[in-house]
Amino acid sequence: MRVISGQLKGRRLTAPSAAHGHGQTIRPTSDRARETLFNLLVNSIGLELDGARVADLFAGTGALAIEALSRGAAHAVLVDNTATSLDLARRNVTDLGLDKVAKILRADSRNLPTASDSFDVLFLDPPYHKDLIAPTLQSLVSKGWIKSGSVVVIECAADEDPVIGDNYEIDKDRIIGDTRLIIATAV
């Protein structure tokens, strides 16, 4: 796994090791899917990442937040509730020198702490087929993580049809292999 673009382009990310038993529980977004996702964000919907505040829910390795930081985001919060994921995310943030602009937070994305400020871009990449998207979206709204105009990126299995509610306008909905990417804007 590598950073696709921006100031950290080509830098390696530490990925979960199947040899250590983590390969099955952490499913990093593939380089191809990340590249497609960021191309859609920047080129299709015109998202400006410079100075953006980013939240990466179900962060795993932190690849999505790190990619956003590499492309100009000002700050990122990487949220996960497993020690293995938090260790991987922390290692990647530290190895890439992003400690001052990235915060690691252990929390259940369905029951988040109250945010001190809302985020411009939020990535939701939960384990597939676990019905975690709707409760996470509810938590994001009720805890102040989302504002009108926030862009929410949902990654799920291609055969999933998540309920995202009426508070979002879907900008893009794409299938890439076994992954479905939904980009929506909070209204």
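Data block above holds the structure.
Computed from a predicted model, the values in this text were never measured in an experiment.

## Some thoughts on the overall build of the protein chain
- Within the protein chain, the regular secondary structure consists of four helices and seven strands.
- For the protein chain, the N- to C-terminal ordering of α and β elements is α-β-α-β-α-β-β-α-β-β-β.
- Radius of gyration (C-alpha) of the protein chain: 15 Å, near the 16 Å computed for a compact globule of 187 residues.
- In the protein chain, which comprises 187 residues, the share counted as buried stands at 49%.
- Excluding contacts between residues fewer than 6 apart, the proportion of contacts in the protein chain whose partners are at least 24 apart in sequence is 65%.

## Digging into the pairing of strand β6 (residues 168-176)
- In this structure, β6 lies alongside strand β7 (residues 179-186), joined through eight bridges in antiparallel fashion. Bridge pairing in β7 places Ile170 opposite Ala184.
- Turn length for the β6-β7 hairpin, with the two strands adjacent in sequence and antiparallel, is two residues, and the turn residue Gly177 shows positive phi of about 65°.

## Section: the packing of aromatic side chains
- Applying the stated criterion across every chain yields a total of two aromatic pairs.
- Arranged with centres 5.7 Å apart and planes meeting at 45°, the rings of Phe38 and Phe123 form a pair that is tilted. Residue Phe38 is located in helix α1 (residues 31-44), and its partner Phe123 is located in strand β4 (residues 121-124); the two are separated by 85 residues in the primary sequence.
- Aromatic pair Phe119 and Trp145: ring centres 5.1 Å apart, planes at 25°, arrangement stacked. With a gap of 26 residues between them, Phe119 in the loop between β3 (102-106) and β4 and Trp145 in the loop between α4 (133-142) and β5 (151-157) connect regions that are remote in the sequence. For the pair shown, Phe119 and Trp145 are each scored as buried.
- Just above the ring of Phe119 sits the side chain of Arg53; from NZ or CZ to the centre is 4.5 Å.

## Here we look at the sheet that holds β4
- Ordered by their spatial adjacency, seven strands build an open sheet running β3-β2-β1-β4-β5-β7-β6, and the pairing between neighbours is mixed. Each end of this open sheet is capped by a strand with a single partner; those strands are β3 and β6. Each adjacent strand pair in this sheet contributes to an overall mean axis angle of 15°, direction not counted.
- Relative to β6, α1 is tilted by about 145°, and along the sheet it contacts β4, β5, β6 and β7.
- In the packing of helix α3 (residues 83-95) onto the sheet, contacts are made with β2 (75-80) and β3, and the angle to β3 comes to roughly 170°.

Thresholds, definitions, all that
Residues numbered from 1 in each chain as written. Predicted model: local features only at pLDDT ≥ 70, side-chain atom pairs only at ≥ 80, totals over all residues. Heavy atoms only, no water. Helix = DSSP H or I, 4+ residues; strand = E, 2+ residues; numbered from the N terminus. Rg over C-alpha atoms; globule rule 2.2 N^0.38 Å. Buried < 20%, exposed > 50% of the residue type's maximum accessible area, 1.4 Å probe, protein only. Contact = heavy atoms within 4.5 Å. Pairing = 2+ DSSP bridges. Phe/Tyr/Trp six-rings, centres within 6.5 Å; stacked < 30°, edge-to-face > 60°. Lys NZ or Arg CZ within 6 Å of the ring centre and 35° of its normal. Axes fitted to C-alpha atoms, helices over the stretch in contact; angles between N-to-C directions.

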